[in-house]
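Spelled out, the chains give:
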Amino acid sequence: AQSVTQPDIHITVSEGASLELRCNYSYGATPYLFWYVQSPGQGLQLLLKYFSGDTLVQGIKGFEAEFKRSQSSFNLRKPSVHWSDAAEYFCAVVGESNYQLIWGAGTKLIIKP
Amino acid sequence: DGGITQSPKYLFRKEGQNVTLSCEQNLNHDAMYWYRQDPGQGLRLIYYSQIVNDFQKGDIAEGYSVSREKKESFPLTVTSAQKNPTAFYLCASSRGTGSEKLFFGSGTQLSVL
């Protein structure tokens, strides 16, 4: 069965430090992959998506993600985090059966001043 | 401004009561979705609709019902058959399904009295 795994429930980084959030997926074909961000008590906003082509994808708010087929990964990165980046981040893949998104459990990002 | 409006923000349900969550969009999107979010879990799909007067069950449809009489509206009813309804409910829409970007409302927190 298809699945998305975000191994880290919480990550704490200092403001100004670099960030990498991990996402691993299981999927038979070339996946459609997404990263969304959720502020507390709010809906989700799309950060970036990968469908094909260049494996390094640029998104909004200075985020980028790299698709690595050999590792079944789609990790999210940012060179320097800001306090406003504190939120929960969700990785998702489009399912093969009904074309609906399959979501990871999310990673909560905490920023230390 | 175009977007998705969910109401109410907070809702309380008594035992044996049905409650309805509202979701309205003015983005002219064909597809609409209802997700349930529980702490520490990813989003789980309840129902989705790709076109007016048609909808499909998602992964956790039991105890829920929907209607899609208008393109703009996709209300969710949490019935008394849903024994554990306390959760954060998110409505979303997209131009199409699968690879299309989802636009989310700001959610409804449902609690049981």
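Overview of the structure. Computed from a predicted structure; not experimentally measured.

Inspection of every chain in the model, using the stated rule, returns 16 aromatic pairs over all chains. Ring plane angle 85° and centroid distance 6.4 Å describe the contact between Phe90(A) and Trp103(A), whose orientation is recorded as edge-to-face. Here Phe90(A) is found in strand 10 (residues 87–94), whereas its partner Trp103(A) is found in strand 11 (residues 101–103), with 13 residues between them in sequence. Taking relative accessible area as the criterion, Phe90(A) reaches 0% and is therefore assigned buried. Look at Tyr33(B) and Tyr35(B): their rings are 6.3 Å apart centre to centre, the planes differ by 20°, and that puts the pair in the stacked class. Judged by its relative accessible area of 1%, Tyr35(B) is buried. The rings of Tyr32(A), Phe34(A), Tyr36(A), Phe51(A), Phe90(A), Trp103(A), Tyr33(B), Tyr35(B) and Phe104(B) are connected pair by pair, giving a single aromatic cluster. Between the NZ or CZ atom of Arg68(B) and the centre of the ring of Phe74(B), over which it lies, the distance is 6.0 Å.

Our focus in this paragraph is the pattern of salt bridges. Residue and element names in this part refer to chain A. The final tally for this structure, using the stated rule, is eight salt bridges over all chains. The salt bridge involving Glu 66 is made with Arg 77; its shortest N-O contact spans 3.1 Å. Pair noted here: Glu 66 is in strand 8 (residues 64–68) and Arg 77 is in strand 9 (residues 73–78), with a separation of 11 residues, a long-range link. You can call Glu 66 partly exposed: its relative accessible area is 23%. The exposure class assigned to Arg 77 is partly exposed, which follows from its relative accessible area of 23%. What you see here is one network of salt bridges that share partners, running through Glu 64, Glu 66 and Arg 77.

Okay, the side chain of Asn75(A) next. Residues and elements named next belong to chain A. Here Asn 75 is to be found in strand 9. Given a relative accessible area of 14%, Asn 75 falls into the buried group. At a separation of 3.0 Å, a polar atom in the side chain of Asn 75 contacts the main-chain amide nitrogen of Cys 23. If sequence neighbours within four positions are ignored, Asn 75 has contacts with Glu 20, Leu 21, Arg 22, Cys 23, Trp 35, Glu 64, Ala 65 and Glu 66.

All names here are of chain A. If you look at the biggest cluster of nonpolar residues, it comprises 26 residues, and the most contacted ones within it are Leu 19, Trp 35, Leu 47, Leu 48, Phe 74, Leu 76 and Tyr 89. Of all the elements in the fold, those that place two or more residues in this core are strand 2 (10–14), strand 3 (19–21), strand 5 (33–38), strand 6 (44–50), strand 8, strand 9, strand 10 and strand 12 (107–112). A total of four residues in this core trace back to one element, the largest contributor, which is strand 10. Setting aside anything within four residues of it in sequence, one finds Leu 76 in contact with Leu 19, Glu 20, Leu 21, Trp 35, Leu 47, Leu 48, Phe 63, Glu 64, Ala 65 and Tyr 89. Tyr 36, Phe 90, Val 94 and Leu 101 belong to the second largest nonpolar core, which has 20 residues in total.

Cut-offs and rules
Residues numbered from 1 in each chain as written. Chains lettered and ligands numbered in written order. Predicted model: local features only at pLDDT ≥ 70, side-chain atom pairs only at ≥ 80, totals over all residues. Heavy atoms only, no water. Phe/Tyr/Trp six-rings, centres within 6.5 Å; stacked < 30°, edge-to-face > 60°. Helix = DSSP H or I, 4+ residues; strand = E, 2+ residues; numbered from the N terminus. Buried < 20%, exposed > 50% of the residue type's maximum accessible area, 1.4 Å probe, protein only. Lys NZ or Arg CZ within 6 Å of the ring centre and 35° of its normal. Salt bridge = Lys/Arg side-chain N within 4 Å of Asp/Glu carboxyl O. Polar contact = N/O pair within 3.5 Å; in protein donor to acceptor, adjacent residues only side chain to side chain. Contact = heavy atoms within 4.5 Å. Core = buried A, V, L, I, M, F, W, Y, C linked by side-chain atoms within 4.5 Å.

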